[in-house]
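Inside the fold
Letter by letter, the chains look like this.
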Amino acid sequence: MLDKTSFRKSVLTFLLPIAIQNLINVAISSTDVIMLGRYSEVALSASSLAGQVQFILILLFFGIASGATVLTAQYWGKKDIKSIEKVLAIGIKIAFFVSIGFFIFAFFFSRTAMRLFSNDEATILQGIRYLKIVSFSYLTTSISIVYLVTMRSVERVGVSTVAYATSFVSNLIINYLLIYGNFGFPEMGVEGAAIGTLVARIIELVIVFYYNSKNHHFVSIKWKYIKSLDPVLKKDFFKYSAPTMMNELLWAGGTAAGIAILGRLGTSIVAANSITSVVRQLAMVFAFGLANTAAVMVGKEIGKKDFHTAEIYAKKLLFYSFLSSLVGVALLYIAKPFIISKFALNAEVEDFLNHTINVLFYYIPLQSISAVLIVGVFRAGGDTKFALISDAIPLWCGSVLLSAIAAFYLGLSTKLVYILIMSDEIIKLPLIIWRYRSRKWINNITRELK
């Protein structure tokens, strides 16, 4: 029988730090949006579009880290520290090599990268300046994200909160000084925002290395495991994390494709979407936190072979997530007039912003369901292949395809194109509910390793 008091205490122990981390991450991205939005519409659009390269990469890092979590959460249920450290080493090594590829592309082929998202020359030029600087942060982020997500899976969430909070404060200060040129610093605009992001990511990595050195007796980065990867665990890692990595890559690519479509419809809709994206992330802070909580708590119970408790946890966390999304929608409804009055740069942006926020009223509750099931429950049970299918097909064969046809072949209105871009959550809902009810997602994937 489930101890409700113990369960709720465990949920809060995970949820609150993770929600705070999510909130800080949103704040980090929103500082660029808010500060550059007040600087110029072109600078805002340029950083938003250039940031899509980083967006794709970070989601790929999270795919690698989440793939590691599929294994580490279950091995944590068995208290197998050695296997967790080996999985961590595999994740870091893969992420770092991926970051090198993205760095080369963003730094040396920055114009090509910007042309993927925009055909406006002024936007492209500012985006190039942003990419030349921020691309160096890809290398540091590869290590810090994998490490911090792994710490979550072994119930060490405090270090992430400290790292992201420090990162946010430093980013905010540097943006304030360098975007506008305050206190005698040079006015650098979009380049100032890029420097702020780079310094913030370096600080995150320093905190990771410091924490790792102080907790070497626990789960830690060990060079011997990075140098020589465990062949058995490497095979398991790719089996369960490859679909997760592909899932995040295709989801990020699909999201970027949607933004690229908007980028060819004008800077005003791009600016409105940039603001709306931040608003959506704020409204989803607790829902995303509950998805990550589900990945750990459900995975841990499956690793202990307590499948009944894992199923109960999944059901309750799904309900909590949906409830939190309704609260987010209610708060957004109240805040909508303030958001539009403060962040609409002109009348056209105001009109688009009103529309894009209205779309969030149905999108947020649907995304809360898919986040907990796909990112949390299915991955916790090793059902990563189905998670990939249920995320990628509705996105690429649904919303991206339909919106591209609507925009470039049918010439439909920008507002209707935006609705189609945001239609993937509607398409995938019946599929993921069916899978959840089937219980086929419950799989113990741990091994008895020496």
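Within an unreviewed UniProt entry, the label attached to the protein reads MATE family efflux transporter, and the organism entered is Fusobacterium pseudoperiodonticum. Of the protein, the UniProt comment under Subcellular location (unreviewed entry) reads exactly: "Cell membrane".

**Quick look at the overall build of the protein**
Helices and strands together make up the secondary structure of the protein, namely 17 helices and zero strands. Whereas a compact globule of 450 residues would reach a radius of gyration of roughly 22 Å, the protein reaches 21 Å, a difference of no more than 12%. Buried residues in the protein amount to 59% of all 450 residues. In the protein, the proportion of contacts linking residues at least 24 apart, taken out of those at least 6 apart, comes to 83%. Accessible area of the protein: about 18100 Å², with a carbon and sulfur share of 67%. In the protein, the 42 positive side-chain charges and the 25 negative ones have mean positions that sit 8 Å from each other.

**So, the pattern of salt bridges**
On inspection of all chains with the given rule, the structure shows 14 salt bridges. A salt bridge links Arg111 to Glu121, with the shortest nitrogen-to-oxygen separation between them at 3.2 Å. Here the residue Arg111 occupies a position in helix α4 (residues 110-115), and Glu121 occupies one in helix α5 (residues 121-134), the gap between them amounting to ten residues. A residue is classified by how much of its surface remains accessible, and Glu121, at 34% relative accessible area, is partly exposed. The salt bridge involving Glu248 is made with Arg379; its shortest N-O contact spans 3.0 Å. Of this pair, Glu248 sits in helix α10 (residues 231-263) while Arg379 sits in helix α14 (residues 347-380); the two residues are 131 residues apart in sequence, bridging distant segments of the chain. Assigned by exposure class, Glu248 and Arg379 land together as buried.

**With respect to the packing of α14 against helix α15 (residues 384-408)**
The interhelical angle for the contact between α14 and α15, taken along N-to-C directions, is 155 degrees, at an axis separation of 8 Å. Looking at the two axes, α14 sits roughly antiparallel to α15. Classified by chirality, the crossing of α15 by α14 is right-handed. Between α14, through Ile374, Phe378 and Arg379, and α15, the contact on the second element is made entirely by Thr384, Phe386, Ala387, Ser390 and Asp391. Counted by class, the contact of α14 with α15 contains four nonpolar, two polar and two charged residues.

**Describing the packing of aromatic side chains**
Tallied over the entire structure, the rule returns 15 aromatic pairs. Pairwise contacts between aromatic rings join Phe7, Tyr313, Phe319 and Tyr320 into one cluster. A cation over an aromatic ring shows up here: Arg156 above the ring of Phe218, its NZ or CZ 4.2 Å from the ring centre.

**Some words on the environment of Ser324**
Residue placement: Ser324 occurs in helix α13 (residues 307-343). Separated by eleven residues in sequence, Ser324 and Ala335 have C-alpha atoms that sit 16 Å apart. Polar contacts involving the side chain of Ser324 include one to the main-chain carbonyl oxygen of Ser321, which spans 2.7 Å.

**Points about the environment of Ser135**
If you trace the backbone, Ser135 turns up in the loop between α5 and α6 (137-153). In sequence terms Ser135 and Ile374 are 239 residues apart; their C-alpha atoms lie 30 Å from each other. Excluding residues within four positions of it along the chain, Ser135 makes contact with Phe103, Ala106 and Phe107.

**Section: unusual backbone geometry**
Even without a glycine there, the phi angle at Lys79 is positive, about 60 degrees. Secondary-structure assignment places Lys79 in the loop between α2 (41-77) and α3 (81-108). We classify Lys79 as partly exposed; its relative accessible area is 48%. One non-glycine residue, Lys305, adopts positive backbone phi at about 65 degrees. Relative to the elements of secondary structure, Lys305 occurs in the loop between α12 (285-303) and α13.

Parameters and conventions
Residues numbered from 1 in each chain as written. Predicted model: local features only at pLDDT ≥ 70, side-chain atom pairs only at ≥ 80, totals over all residues. Heavy atoms only, no water. UniProt positions renumbered as here; feature names shortened; annotations may be inferred. Helix = DSSP H or I, 4+ residues; strand = E, 2+ residues; numbered from the N terminus. Rg over C-alpha atoms; globule rule 2.2 N^0.38 Å. Buried < 20%, exposed > 50% of the residue type's maximum accessible area, 1.4 Å probe, protein only. Contact = heavy atoms within 4.5 Å. Areas by Shrake-Rupley, 256 points an atom, 1.4 Å probe, with all protein chains shown as cover. Lys, Arg positive; Asp, Glu negative; His and termini not counted. Charge placed at Lys NZ, Arg CZ, Asp CG, Glu CD. Salt bridge = Lys/Arg side-chain N within 4 Å of Asp/Glu carboxyl O. Axes fitted to C-alpha atoms, helices over the stretch in contact; angles between N-to-C directions. Parallel < 35°, antiparallel > 145°, perpendicular 65-115°, else oblique. Left-handed = near helix turned anticlockwise from the far one by under 90°. Nonpolar A, V, L, I, M, F, W, Y, C, P; charged D, E, K, R; others polar. Phe/Tyr/Trp six-rings, centres within 6.5 Å; stacked < 30°, edge-to-face > 60°. Lys NZ or Arg CZ within 6 Å of the ring centre and 35° of its normal. Polar contact = N/O pair within 3.5 Å; in protein donor to acceptor, adjacent residues only side chain to side chain.

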